[in-house]
Amino acid sequence: MKNWMLLTTAIATAGLMSMPAQAEDLNLWVRTSSAGVLEKLADLYNASHDDKVVITGITAEQMVPKLGASIAAGAAPDGAVLDLIYLPTFAATDSLEDLTDFIDGLPYAAALSPSHIRLATFDGKKYGVPALPDASIIAYNKDLFAKAGLDPEKAPTSLAEIAEDAKKITALGNDTYGLFFVASSGSWLVYDFTPHIWAAGADILSEDGRTATIDTPAMRATLAAYNDMWKAGAIHPTSRSGVGNDAVAAFASGKVGVLMTGSYIVNLMTSQYPDVNFGVAAIPGPDGGASSFAGGDTLSLMKGISPEKKAVAESFIDFYMQPEQQVLITKESGMPPRTDLAKEAYGAFDPRNLVAYDILAKAKTPYTYASDELFVARTGPWVNLLQSAIFDGNIDEAIAKAQADFTRILNRTNPK
């Protein structure tokens, strides 16, 4: 009897040891604008793994407040794919899981989009991995350039040159304008305008995001160039009140010479407006140089996620970072997060994408704990600065007010 009991105990123990680990579901919130790509990646992952990634789309405007409320209520998702500009805020409030060891251990760690890693870093620790990057660029209509006597194969290399070209294109008449930019949206204004400043070696915030640096020669020269174009009638009038769709429609109509836009424009134009003859280039500074705003999404995990679910997340990240998935991301979103796979990722697509991708290594993103208050708010200091200076010509007054308003907000929102 004793031997029988020992035998049955051994069999039971062996059975427990051989039982497969319970599959885990990783729940990720993503912006609805990014949900389509993430769902395709999740479907591919789920088809080859027992563990599953579940994607929930959240309206972009609701993502930050909804995620903040869920964290406060102790009911947060396992992770979120966020606009990278919000990473400092969530990291500073101790809401995210430290991913430093995982990121540093990746064989392609050095190739990850540098601005996404920088924005995901707080107090020396890394809290996010790039998912779907994009970069701001200019697109220009080659046919209009040729009609205006400009070299259609030579993109403007300075803002001064853009202004000169814009006036020549506007002089063609027939409701043709030299430049279109979206001035009604703070998000678009920071995306398209700050690269002019960065290209000149200046900035609007200190490296740590705690100090405003609005009043610079680069800022004054950039505002002056835009105001000059506005006064000359070289900026499309819808720029002042239009949205992103208006910008695309105006450029697609063949009536806009230069469009301030993002890397998505190449795939969009080639698929929907194949007859438009256009080129793309990095955004120049007042007198030269080049830069870009690194935008897009970063995947982060909520602090306290279980080790099992964290392992699933790390597996999913490494899965979508592989070359085959990087090609999918490029096809669906326009730009892969790994800078070492550009040629492979873009091999089957329009080579103009490489112009935007090449600038990603030089691209920047403002590091701040008050993105919405500073840049996004419709009555915030960034929107007020650009609209007042560009359309009303109050450059000195607008800069002084913006510097003061930025400083007030930063003093209140900077972590202690």
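For clarity, every value in this text was computed on a predicted model and none was experimentally measured.

So, how was this worked out
- Residues numbered from 1 in each chain as written.
- Predicted model: local features only at pLDDT ≥ 70, side-chain atom pairs only at ≥ 80, totals over all residues.
- Heavy atoms only, no water.
- Helix = DSSP H or I, 4+ residues; strand = E, 2+ residues; numbered from the N terminus.
- Expected span 1.5 Å × (residues − 1).
- Bend = angle between axes of the 7 residues up to and from the residue.
- Axes fitted to C-alpha atoms, helices over the stretch in contact; angles between N-to-C directions.
- Parallel < 35°, antiparallel > 145°, perpendicular 65-115°, else oblique.
- Left-handed = near helix turned anticlockwise from the far one by under 90°.
- Contact = heavy atoms within 4.5 Å.
- Buried < 20%, exposed > 50% of the residue type's maximum accessible area, 1.4 Å probe, protein only.
- Polar contact = N/O pair within 3.5 Å; in protein donor to acceptor, adjacent residues only side chain to side chain.
- Phe/Tyr/Trp six-rings, centres within 6.5 Å; stacked < 30°, edge-to-face > 60°.
- Pairing = 2+ DSSP bridges.
- Salt bridge = Lys/Arg side-chain N within 4 Å of Asp/Glu carboxyl O.

What follows deals with helix α2 (residues 32–48). Relative to the 24 Å expected for 17 residues at 1.5 Å per residue, α2 spans 25 Å between its end C-alpha atoms, a close match to the ideal helical length. If you look at α2, its biggest bend is around 30°, right at L38.

The geometry of helix α9 (residues 186–199) relative to helix α10 (residues 217–231) is characterised by a closest axis approach of 9 Å and an angle of 130° between their N-to-C directions. In terms of orientation, α9 lies oblique with respect to α10. Regarding α9 and α10, the two cross each other, and that crossing is right-handed. Across from F193, H196 and I197 in α9, the residues of α10 making contact are A218, M219, T222, L223 and Y226.

Another aspect to go through is the side chain of S136. Within the fold, S136 resides in strand β6 (residues 129–141). You can call S136 buried: its relative accessible area is 0%. A distance of 2.9 Å separates a polar side-chain atom of S136 from the backbone oxygen of Y191. In contact with S136, other than residues within four places in its own chain, are Y191, D192, P195, T261, G262, I283, S291, S292 and F293.

Now for the packing of aromatic side chains. Applying the stated criterion across every chain yields a total of 18 aromatic pairs. A ring pair is formed by Y45 and F319, whose centres lie 5.4 Å apart and whose planes are at 75°; its orientation type is edge-to-face. Of this pair, Y45 sits in helix α2 while F319 sits in helix α13 (residues 307–320); the two residues are 274 residues apart in sequence, bridging distant segments of the chain. On the basis of relative accessibility, which here comes to 16%, the residue F319 falls in the buried class. With a centroid separation of 5.7 Å and an interplanar angle of 75°, the aromatic rings of F375 and F406 are classed as edge-to-face. Residue F375 is located in helix α17 (residues 371–376), and its partner F406 is located in helix α19 (residues 395–413); the two are separated by 31 residues in the primary sequence.

Further remarks concern the packing of α2 against helix α14 (residues 323–333). As a packed pair, α2 and α14 sit with axes 10 Å apart at the nearest point and diverge in direction by 155°. In terms of axis orientation, α2 runs roughly antiparallel to α14. Considering the relative orientation of α2 and α14, their crossing is right-handed. Together, V37, K40, L41 and L44 of α2 and Q325, L328, I329, E332 and S333 of α14 make up the contact between the two elements.

Relative to strand β2 (residues 52–58), strand β1 (residues 25–31) runs parallel, the two sharing seven bridges. Bridge pairing in β2 places W29 opposite T56.

Applying the stated rule across the entire model yields 20 salt bridges. Measuring nitrogen to oxygen at the nearest pair gives 2.8 Å for the salt bridge that ties D340 to R338. The class of D340 is partly exposed, set by a relative accessible area of 44%. Notably, a salt bridge pairs R408 with D405, separated by 3.6 Å at the nearest N-O pair.

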